[in-house]
Amino acid sequence: MKRFDICVIGAGIAGLSLAARLAHRASVAVIEGESAPGYHASGRSVAFAHFGLGERVVRTLTALSLDDLKARPADDRAAPAEVHPALHIASQREVPRLDALEDVHRAFGCDYVRMSGGEAVRYAPALRTGPDYCYSAILDRGALKLDADAILQGHARDIRAMGGELNLGASVNSIARSGEDWVIDTAASTFTSRILVNAAGAWADEIANMAGASPIGIEPRRRTVISFPGPHGTDLSQWPFVKTVGDGFYMLPEGTGQLLASPMDEGASAPCDAAPEEIDIATIAERIEQSTKLTVSRISHSWAGLRSFVRDELPVVGFAKDAPGFFWCAGQGGAGFQTSPALSRIGELLVLREDWPEELEAKGLNPSLFAPSRLGA
Ligand SMILES: Cc1cc2nc3c(=O)[nH]c(=O)nc-3n(C[C@H](O)[C@H](O)[C@H](O)COP(=O)(O)OP(=O)(O)OC[C@H]3O[C@@H](n4cnc5c(N)ncnc54)[C@H](O)[C@@H]3O)c2cc1C
């Protein structure tokens, strides 16, 4: 039996970013069922940081995270992010929504400019313009393209450097109590710790069930992405991340010649190794061809991942009320990367039961917003 102060179940961005902070303060083991970190949602993310999703709390967490995401690594590791503009587009009918999004950009002090559809094609030349297409737009020059793999590997390296363990191929089979400790039996070894962090993404309620803790009602929702070649001979690398302000699509360059696109689908799913559905692939190809002058003649690659929410769509970070030492770190939805520096800091404060900082209170953030007790857990 391996003994640690804290065991973290799940080596996605939620578990790794929190474990990397905790490893400075305690002995930590990360327990992951798959053979590599980030196999599920975190490895399937398009990993872009922008203000076009979420509401006040998620956007505040994003704003608090941008500097950390942009920071140059002190050692030889890959940079976690590069500045890459985001273009939020609206049809004439959607202008009120774009106005509201402009208010958000102004409130968060973003480096943005409002423009007409005609001006937007200077940045994204393939867009169709006009009342039913791109009629008005916001260009956010401070958005970030994140390197998900570099971020995950960086956290894994930090955990190991602090003497923590990353245990792969260690699918949790059962969780029991022994005195004041949790005993976690996995496919690899048995672990014991006083504190158990549940960062199991779409499986978070299954882990709670094993531990006898109340569930939070996690809702995994499938999101599909396709990759397709852009116009032959065109360097696409400087095209912005383009996102419709309402239902529609987002699209961003991958390297110089490929584009990634998503119909922003949200089909309900059981926790699973998610795969794209034909209807969602067809939908995104059709939306791209309707809204742009691009032809999706060949889909190079497609995949899907699960974004996991609870009913109020805010993250769940805090101790369970009915299971001593059982700590939730789940429900990151569609913003798990762009909020990870701030959310892992909040997780660290709450796991270690430290005072809530004035600076977070001043931003309108307090522990009750994240507490599992709001969901009866
Ligand atoms: C297509 C797509 C696009 C996205 N785009 C963005 C974006 O642009 N920006 C952004 O910030 N976010 C984005 N997201 C959201 C982001 O990816 C998620 O919020 C984040 O990855 C959730 O991380 P997680 O660690 O909670 O979950 P996961 O990465 O799923 O990690 C949970 C881990 O727990 C492990 N686990 C589960 N059960 C067990 C068990 N019994 N034993 C051991 N291990 C177990 C799993 O194997 C898994 O590795 C996107 C997501 C998707 C799917």
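A brief structural summary. (Residues numbered from 1 in each chain as written. Predicted model: local features only at pLDDT ≥ 70, side-chain atom pairs only at ≥ 80, totals over all residues. Heavy atoms only, no water.)

**Remarks on the packing of helix α1 (residues 13–22) against helix α6 (residues 148–161)**
- Interhelical geometry of α1 versus α6 gives an angle of 35 degrees and a closest axis separation of 8 Å. As for the relative orientation of α1 and α6, their crossing is left-handed in sense. Where α1 approaches α6, its residues Ile13, Leu16, Ser17, Ala19 and Ala20 are matched on the opposing element by Ile151, Leu152, His155, Asp158 and Ile159.
- Grouping the amino acids of the contact of α1 with α6 by side-chain chemistry returns seven nonpolar, two polar and one charged. (Axes fitted to C-alpha atoms, helices over the stretch in contact; angles between N-to-C directions. Helix = DSSP H or I, 4+ residues; strand = E, 2+ residues; numbered from the N terminus. Left-handed = near helix turned anticlockwise from the far one by under 90°. Contact = heavy atoms within 4.5 Å. Nonpolar A, V, L, I, M, F, W, Y, C, P; charged D, E, K, R; others polar.)

**Digging into the pattern of salt bridges**
- Tallying each qualifying case throughout the model produces 25 salt bridges.
- Of the charged contacts in the structure, one is a salt bridge between Asp181 and Arg3, with a shortest N-O distance of 2.9 Å. Here Asp181 is found in strand β12 (residues 181–186), whereas its partner Arg3 is found in strand β1 (residues 2–3), with 178 residues between them in sequence.
- A relative accessible area of 14% places Asp181 in the buried class.
- On the accessibility criterion, Arg3 (47% relative accessible area) is partly exposed.
- When the shortest N-O distance is used, the salt bridge between Arg114 and Asp99 registers 2.9 Å. Residue Arg114 is located in strand β7 (residues 112–116), and its partner Asp99 is located in helix α4 (residues 95–107); the two are separated by 15 residues in the primary sequence.
- Residues joined in a network through salt bridges with shared partners are Asp75, Asp76, Arg77, Arg157 and Asp158. (Salt bridge = Lys/Arg side-chain N within 4 Å of Asp/Glu carboxyl O. Buried < 20%, exposed > 50% of the residue type's maximum accessible area, 1.4 Å probe, protein only.)

**Observations concerning the packing of aromatic side chains**
- All chains considered together, the criterion is met by seven aromatic pairs.
- When the ring of Phe51 is compared with that of Phe108, the centres are 5.2 Å apart and the planes differ by 25 degrees; the resulting orientation is stacked. Here the residue Phe51 occupies a position in the loop between β4 (48–49) and α3 (56–70), and Phe108 occupies one in the loop between α4 and β7, the gap between them amounting to 57 residues.
- Taking the relative accessible area as the measure of exposure, Phe108 reaches 28% and is therefore partly exposed.
- On the basis of an interplanar angle of 75 degrees and a centroid distance of 5.5 Å, the ring pair of Phe326 and Trp328 is categorised as edge-to-face. Of the two residues examined, Phe326 and Trp328, each falls in the buried class.
- One aromatic cluster is present, formed by Phe48, Phe241 and Tyr250 through successive ring pairs.
- Over the ring of Trp182 we find Arg177, and its NZ or CZ is 4.4 Å from the ring centre. (Phe/Tyr/Trp six-rings, centres within 6.5 Å; stacked < 30°, edge-to-face > 60°. Lys NZ or Arg CZ within 6 Å of the ring centre and 35° of its normal.)

**Some words on the layout of surface pockets**
- Looking at the second largest pocket, its volume works out to about 520 Å³.
- Together, 22 residues line the second largest pocket, and Asp68, Arg77, Pro80, His155 and Asp158 are the ones closest to its centre.
- Put simply, the parts of the chain that give the lining of the second largest pocket at least two residues each are α1, α3, α6 and α9 (340–351).
- Sorting elements by how many residues they give to the lining of the second largest pocket places α6 first, with five residues.
- Among the residues making up the lining of the second largest pocket, the classes are represented as 10 nonpolar, six polar and six charged. (1 Å grid on protein atoms, 1.4 Å probe; cavity = no way out; pocket = protein on both sides within 12 Å on 5 of 7 lines; lining within 4 Å. Points joined across faces, edges and corners; volume = space filled by probe spheres on them.)

**Brief notes about empty space enclosed by the protein**
- The tally for this structure, following the rule as stated, stands at one cavity of 30 Å³ or more.
- Roughly 40 Å³ of volume is contained in the largest cavity.
- As for the largest cavity, its lining consists of Ile13, Ala14, Ser17, Cys329, Gln332, Gly336, Ser340, Leu343 and Ser344.
- Elements that contribute at least two residues to the lining of the largest cavity include exactly α1 and α9.

**A look at the nonpolar core**
- Core analysis: the biggest nonpolar cluster contains 60 residues, and Ile6, Leu146, Val197, Ile346, Leu365 and Phe370 have the highest contact counts within it.
- If one sorts the elements of this core by residue count, α1 sits on top with seven residues.
- Among the domains, domain 1 (2–44 + 148–218 + 312–375) and domain 2 (85–142 + 219–307) are the pair contributing at least three residues each to this core.
- Each residue touching Ile346, except ones within four places of it in the same chain, is listed here: Leu61, Val317, Trp356, Leu360, Leu365 and Phe370.
- Listed in part, the 29 residues of the second largest apolar core include Cys7, Ala170, Val172 and Ala204. (Core = buried A, V, L, I, M, F, W, Y, C linked by side-chain atoms within 4.5 Å. Domains from an automatic or database assignment.)

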